[in-house]
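Below, each chain spelled out in residue letters.
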Amino acid sequence: QVQLAESGGGLVQPGESLRLRCTVSGINFKIYQMCWYRQAPGKQRELVAHITSSGSTNYTDSVKGRFTISRNNPWNTLFLQMNSLNPEDAAVYYCKVMSLPHWGQGTQVTVAS
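All residue numbers here refer to positions counted from 1 along the written sequence of the relevant chain. The predicted nature of this model means local features are confined to residues of pLDDT at least 70 and side-chain atom pairs, given and counted, to a pLDDT of 80 or more, with totals for whole chains, interfaces and linings taken over all residues. By convention in this description, side-chain values take in all heavy atoms of the structure and omit both hydrogens and water.

S.K.: Looking at this structure, how should I read the side chain of Thr52?
M.R.: Put simply, DSSP marks the helices as runs of H or I at least four residues long and the strands as runs of E at least two long, and each gets a number from the N terminus on. Position of Thr52 among the secondary structure elements: in the loop between β5 (46-51) and β6 (57-59). Three exposure classes are used, based on accessible area relative to the maximum for each residue type with a 1.4 Å probe and protein chains only: buried under 20%, partly exposed in between, and exposed over 50%. Classification of Thr52 as buried rests on a relative accessible area of 16%. Under this definition, polar contacts are N or O atom pairs within 3.5 Å; protein pairs additionally need one hydrogen-donor-capable and one acceptor-capable atom, and for neighbouring residues in sequence, both atoms have to be side-chain atoms. Looking at Thr52, its side chain comes within polar contact range of the side chain of Ser54, at 3.1 Å. What makes two residues a contact is simply this: any of their non-hydrogen atoms within 4.5 Å. Each residue touching Thr52, except ones within four places of it in the same chain, is listed here: Gln33 and Arg71.

Set out below in structure tokens:
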């Protein structure tokens with residue numbers, strides 16, 4: 001059974017940073033492409049960042065230069081470093097195995113002054 005457990009969200013002020021984490025079980029983590037999505041109230045779920053098994057990354061335009069996706073394969077862990085956060089980044093963030101339909105519970109990111 002694939003399990004995804006996101007953590008690291010919280011409430012920050014604009015301009016501050018957070019590091020999100022996702023621990024993955026039930027798959028051979030190192031061979032799978034991974035991604036981060038987010039969903040704000042009243043909006044569609046949005047693909048934020050993607051990383052291949054070899055470490056190649058890409059990002060949606062709105063987070064380029066501010067967010068960094070990475071992975072630690074021996075720890076079965078996916079990360080999203082989020083810098084210079086703004087209110088438009090506020091959402092529930094989810095990690096996902098790119099090719100599988102499973103979702104975790106997500107972690108809430110709130111950006112407010």
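S.K.: Would you mind going over the sheet that holds strand β10 (residues 107-111) with me for this structure?
M.R.: What holds strands together in a sheet is hydrogen bonding between their backbones, with the strands either parallel or antiparallel. Pairing between strands is defined by DSSP: at least two bridges between them are needed. A sheet is described by the order of its strands in space; here six strands give the open sequence β2-β10-β9-β4-β5-β6, paired in mixed fashion. Only two strands of the sheet have a single partner each, and these edge strands are β2 (10-12) and β6. With strand direction ignored, the average angle separating the axes of adjacent strands in the sheet is 25 degrees. Pairing geometry for strand β4 (residues 34-39) and strand β9 (residues 91-97), over six bridges, is antiparallel. Pairing of Arg38 across the sheet is with Tyr93, part of β9. Comment: axis = line fitted to C-alpha atoms, over the contacting stretch for helices; angle = value between 0 and 180 degrees taken between N-to-C directions.

S.K.: What exactly am I supposed to notice about the nonpolar core here?
M.R.: Side chains of a nonpolar character, in soluble globular proteins, are inclined to be buried together. Counting residues in each nonpolar core, the largest one holds 28 residues, and the members touching the most others are Trp36, Phe67, Leu78, Leu80, Met82 and Tyr93. Where this core is concerned, the elements lending two or more residues are β3 (18-25), β4, β5, β7 (67-72), β8 (77-82), β9 and β10. Dropping the residues within four chain positions of it, Tyr93 is found in contact with Glu6, Leu20, Trp36, Tyr37, Arg38, Val48, Phe67, Leu80, Met82, Gly106, Thr107 and Val109. By convention a nonpolar core is built from buried Ala, Val, Leu, Ile, Met, Phe, Trp, Tyr and Cys residues, the set being connected through side-chain atoms within 4.5 Å.

S.K.: Whenever I open this one, the pairing of β10 confuses me. Can you help?
M.R.: Looking down a regular strand, the side chains alternate between one sheet face and the other. Residues Thr107, Val109 and Val111 point to one face of β10 and are all buried, whereas Gln108 and Thr110, pointing to the other face, are not buried. As defined by bridge partners, β2 adjoins β10 across three bridges and the pair is classed as parallel. Bridged to Leu11 within β10 is Thr110.

S.K.: What is the right way to look at unusual backbone geometry in this model?
M.R.: Backbone geometry follows two general trends: most residues other than glycine have a negative phi, and most peptide bonds adopt the trans configuration. A positive phi angle, near 50 degrees, is found at Asn76, a position not held by glycine. Along the chain, Asn76 turns up in the loop between β7 and β8. Its identity as a non-glycine residue notwithstanding, Ser84 has a phi of 50 degrees, on the positive side. Relative accessible area serves as the criterion here: at 41%, Ser84 is assigned to the partly exposed category.

S.K.: Just checking my understanding: could you explain the environment of Ser25 for this structure?
M.R.: Mapped onto the elements, Ser25 comes out in strand β3. Among the residues examined, Ser25 registers a relative accessible area of 32% and is labelled partly exposed. Residues Ser25 and Val2 lie 23 residues apart in sequence; the distance between their C-alpha atoms is 5.7 Å. Once you skip the residues sitting within four places of it in the chain, Ser25 turns out to touch Gln1, Val2 and Gln3.

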